[in-house]
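Chain residues, written in single-letter form:
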Amino acid sequence: MAGETPLVPEDDLLVEDTFYLTEGIEASENLLPLHKGVTFQAGYLAAGVSVDAAGRLTGAPQRSGTYAAPVRVCSGQLCEEEHVRLIVLQNVPWEPRQLTFFGRPGTPLDGEIGVEGGPGGVLPTFTVTDHAKVPKGVAVGPDGHVGGVPEAAGISEIPVRVCVAGNCAGVVVRLIVV
């Protein structure tokens with residue numbers, strides 16, 4: 001009877017069930033459960049990629065393609081299967097389009113980092129790695145938008161991690177406010 005009791009009444013147990021990876025690039029993703037105290041049964045998801053008990057995807061995908069694999073999500077003795085989809089894209093080189101932005105104190109700033117190249121149909125993500133380097137009034141969004149209203153003049157060098165389907169690189173965004 002306990003084996004038939006659902007773990008939770010909802011259909012989905014994970015925040016996200018589709019992950020974009022790049023062939024030959026080490027996976028650095030985590031399965032995020034909707035509830036605390038959940039573990040995962042370790043197993044293989046695709047050629048070269050596995051999931052551990054903490055929900056970390058590890059390994060480098062060996063072949064491009066779309067893979068669907070069951071993952072057992074457990075809370076105590078109760079486990080349910082959740083399907084995870086990996087979309088593994090070929091390793092297509094990319095580079096940032098613009099890294100220097102100019103502004104004036106008290107004037108709205110509106111720019112975009114952007115990416116040239118990379119696999120088609122995949123949106124890059126942008127993560128500031130040192131928020132202390134971002135000047136007051138300015139933000140760098142996860143979509144690469146550089147905006148806000150700079151409060152003071154100066155030159156700022158903001159470290160940003162850019163990822164395209166798991167193929168990541170660190171860049172420095174330079175903001176020159178005069």
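Our structure is the block above this text.
Calculation criteria
- Residues numbered from 1 in each chain as written.
- Predicted model: local features only at pLDDT ≥ 70, side-chain atom pairs only at ≥ 80, totals over all residues.
- Heavy atoms only, no water.
- Helix = DSSP H or I, 4+ residues; strand = E, 2+ residues; numbered from the N terminus.
- Rg over C-alpha atoms; globule rule 2.2 N^0.38 Å.
- Buried < 20%, exposed > 50% of the residue type's maximum accessible area, 1.4 Å probe, protein only.
- Areas by Shrake-Rupley, 256 points an atom, 1.4 Å probe, with all protein chains shown as cover.
- Lys, Arg positive; Asp, Glu negative; His and termini not counted.
- Charge placed at Lys NZ, Arg CZ, Asp CG, Glu CD.
- Pairing = 2+ DSSP bridges.
- Axes fitted to C-alpha atoms, helices over the stretch in contact; angles between N-to-C directions.
- 1 Å grid on protein atoms, 1.4 Å probe; cavity = no way out; pocket = protein on both sides within 12 Å on 5 of 7 lines; lining within 4 Å.
- Points joined across faces, edges and corners; volume = space filled by probe spheres on them.
- Nonpolar A, V, L, I, M, F, W, Y, C, P; charged D, E, K, R; others polar.
- Contact = heavy atoms within 4.5 Å.
- Disulfide = S-S within 2.5 Å.

**A short note on the overall build of the protein**
- Counting its secondary structure elements, the protein contains zero helices and 16 strands.
- Taking 178 residues into account, the globule formula puts the C-alpha radius of gyration at 16 Å, and the protein, at 20 Å, lies well above it.
- Over its C-alpha atoms, taken along the principal directions, the protein stretches across nearly 70 × 35 × 20 Å.
- The buried share of the protein, reckoned over its 178 residues, is 38%.
- Of the roughly 10,100 Å² that the protein leaves accessible, carbon and sulfur atoms contribute 52%.
- Treating the 11 positive side-chain charges of the protein as one cloud and the 21 negative ones as another, the clouds have centres 9 Å apart.

**Let's talk about the sheet that holds strand E14 (residues 145-148)**
- Across the sheet, which stays open at both edges, the three strands sit in the order E10-E14-E13 with antiparallel pairing between neighbours. Every interior strand has two partners, whereas the edge strands, strand E10 (109-112) and strand E13 (138-140), have only one. This sheet shows a mean twist of 10° between the axes of neighbouring strands, independent of strand direction.
- Two elements, E13 and E14, share three bridges in a ladder whose sense is antiparallel. Among the inter-strand pairings, Val-140 is bridged to a residue of E14, identified as Val-146.

**Observations concerning the layout of surface pockets**
- In this structure, the largest pocket encloses a volume near 340 Å³.
- Forming the walls of the largest pocket are 16 residues, and the residues nearest its centre are Tyr-20, Glu-29, Thr-125, Ala-165 and Gly-166.
- Listed by contribution, the elements that provide at least two residues to the lining of the largest pocket are strand E1 (18-22) and strand E15 (154-164).
- In the lining of the largest pocket, the residues fall into eight nonpolar, five polar and three charged.

**With respect to the pairing of E15**
- Pairing geometry for strand E12 (residues 125-128) and E15, over four bridges, is antiparallel. For Thr-125, the partnering residue across the bridge sits in E15 and is Cys-163.
- Of the pairings in the sheet, the one linking E15 to strand E16 (residues 167-177) comprises 11 bridges and is antiparallel in character. In the strand pairing of E16, Pro-159 is matched with Val-172.
- Between E15 and E16, which follow one another and run antiparallel, lie two residues, and Ala-165 among them has a positive phi close to 55°.

**Brief notes about the side chain of Ser-156**
- In this structure, Ser-156 sits in strand E15.
- Sequence-distant contacts of Ser-156, that is, excluding residues within four places in its chain, are made with Lys-133, Pro-135, Val-173, Arg-174 and Leu-175.

**A few points about the state of the cysteines**
- Counted under the stated rule, the structure contains two disulfides.
- Note on cysteine connectivity: Cys-74 is disulfide-linked to Cys-79, with sulfurs 2.0 Å apart. As the torsion about the S-S bond is roughly 105°, the Cys-74-Cys-79 disulfide counts as right-handed.
- Take Cys-74: its relative accessible area is 4%, and that puts it in the buried class.
- Shown here is the disulfide that connects Cys-163 with Cys-168, its sulfur atoms set 2.0 Å apart. Sign of the S-S torsion, about 110° for the bond between Cys-163 and Cys-168, identifies this disulfide as right-handed.

**Section: the environment of Thr-18**
- Position of Thr-18 among the secondary structure elements: in strand E1.
- As for Thr-18 and Pro-119, which are separated by 101 residues in sequence, their C-alpha atoms are 17 Å apart.
- Apart from residues lying up to four places away in sequence, Thr-18 is in contact with Arg-85 and Ile-87.

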